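A look at the structure
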Amino acid sequence: TGSLVALPAADPWTSGAETTLWWLPDTEPAQEIGHLDNIPLQHPIIWSPDGQQLAAVQQSEPSDQFLLRLILAAGDGSQALPYAGGSDLGFLAWSPENDRFLYGGNGYYALGQRQAPQQQSLLPAGLIADQAAWLDAGKYIVSLNDPQNQQWQIHAADTTGGTATLLTGQGSQAVFQLWTP
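Residues numbered from 1 in each chain as written. Predicted model: local features only at pLDDT ≥ 70, side-chain atom pairs only at ≥ 80, totals over all residues. Heavy atoms only, no water.

The next point concerns the confidence of the model for the protein. Considering every residue of the protein, the mean pLDDT works out to 88; 92% of them sit at 70 or more. In the model of the protein, strand S11 (residues 116-122) stands out as the element of lowest mean pLDDT, 85, in contrast to strand S4 (residues 46-47), which has the highest, 95. (pLDDT = per-residue confidence, 0-100. Helix = DSSP H or I, 4+ residues; strand = E, 2+ residues; numbered from the N terminus.)

Next up, the structure:
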């Protein structure tokens, strides 16, 4: 047992900044396991629950049509492949079974799966999917934020596309904690 850690370069704000991936075993010295380039500091690297995969939002090259790209890679950073792109993009959560994930941005959130088309949910103008948590293999909670109007919503959704609004409120962002058996 141990922990996976991503540490940015000394100056993570520079173009091409490298992030080093480490495995910290409980009883042995730390081991450097890989690298990823162009990972903005404000977008953390998220490992799947089993540690075998990771997702990261990567800053694109200036010539690329997208400013940000969601990449999926093996847990050591190898085999990195782009999955989605956009000007506003963030990774939200891996499923408990390590096979699906949620990501989103301004006006949408999506259910993704490696080598499968995304299942995108479009949102009303101004809403941003900013937090998500899986309840089980087929259901999740997603928080939607409207920063301009200082409103938020919490929705329950499932992998078949079903959704229900659970709660709405005023303020800059929803804060929630899940308790499940």
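This is not the end of the story, as more comes after the structure.
Summarising the element assignment, Asp 146 is placed in strand S13 (residues 139-146). Of the buried charged residues, Asp 146 lacks a salt bridge, with Arg 69 as the closest side chain of opposite charge at 28 Å. For Asp 146, the side chain forms a polar contact with the side chain of Asn 149, separated by 2.9 Å. Setting aside its immediate chain neighbours within four residues, Asp 146 contacts Gly 126, Leu 127 and Gln 151. (Buried < 20%, exposed > 50% of the residue type's maximum accessible area, 1.4 Å probe, protein only. Lys, Arg positive; Asp, Glu negative; His and termini not counted. Salt bridge = Lys/Arg side-chain N within 4 Å of Asp/Glu carboxyl O. Polar contact = N/O pair within 3.5 Å; in protein donor to acceptor, adjacent residues only side chain to side chain. Contact = heavy atoms within 4.5 Å.)

Overall, antiparallel pairing links the three strands, which are arranged S1-S2-S3 in an open sheet. Looking along the sheet, the strands with just one partner apiece sit at the ends: strand S1 (2-8) and strand S3 (31-37). Taking each pair of neighbouring strands and ignoring which way they run, the sheet shows an average axis angle of 20°. Examined bridge by bridge, strand S2 (residues 18-25) and S3 share six bridges and lie antiparallel to one another. Pairing of Trp 23 across the sheet is with Gln 31, part of S3. (Pairing = 2+ DSSP bridges. Axes fitted to C-alpha atoms, helices over the stretch in contact; angles between N-to-C directions.)

All right, on to the sheet that holds strand S10 (residues 108-113) then. With antiparallel pairing, four strands are arranged side by side in an open sheet as S8-S9-S10-S11. At either end of the open sheet lies a strand with only one pairing partner, and these are strand S8 (90-94) and S11. Going across the sheet, the axis of each strand differs from the next one's by a mean of 25°, ignoring polarity. By the bridge criterion, six bridges tie strand S9 (residues 100-105) to S10 in an arrangement that is antiparallel.

Once that is clear, we can look at the pattern of salt bridges. Overall, the coordinates contain one salt bridge when judged by the stated rule. With a closest N to O distance of 3.5 Å, Lys 139 and Asp 136 form a salt bridge. Judged by its relative accessible area of 32%, Asp 136 falls in the partly exposed class.

Right, let's get into the nonpolar core. Core analysis: the largest hydrophobic core is formed by 14 residues, its most contacted members being Leu 102, Tyr 109, Ala 129 and Leu 144. When residues of this core are traced back to their parent elements, those giving at least two are S8, S10, strand S12 (128-134) and S13. Discounting residues that sit within four places of it in the chain, Leu 102 has contacts with Phe 91, Leu 92, Ala 93, Ala 110, Leu 111, Ala 132, Trp 134 and Tyr 140. (Core = buried A, V, L, I, M, F, W, Y, C linked by side-chain atoms within 4.5 Å.)

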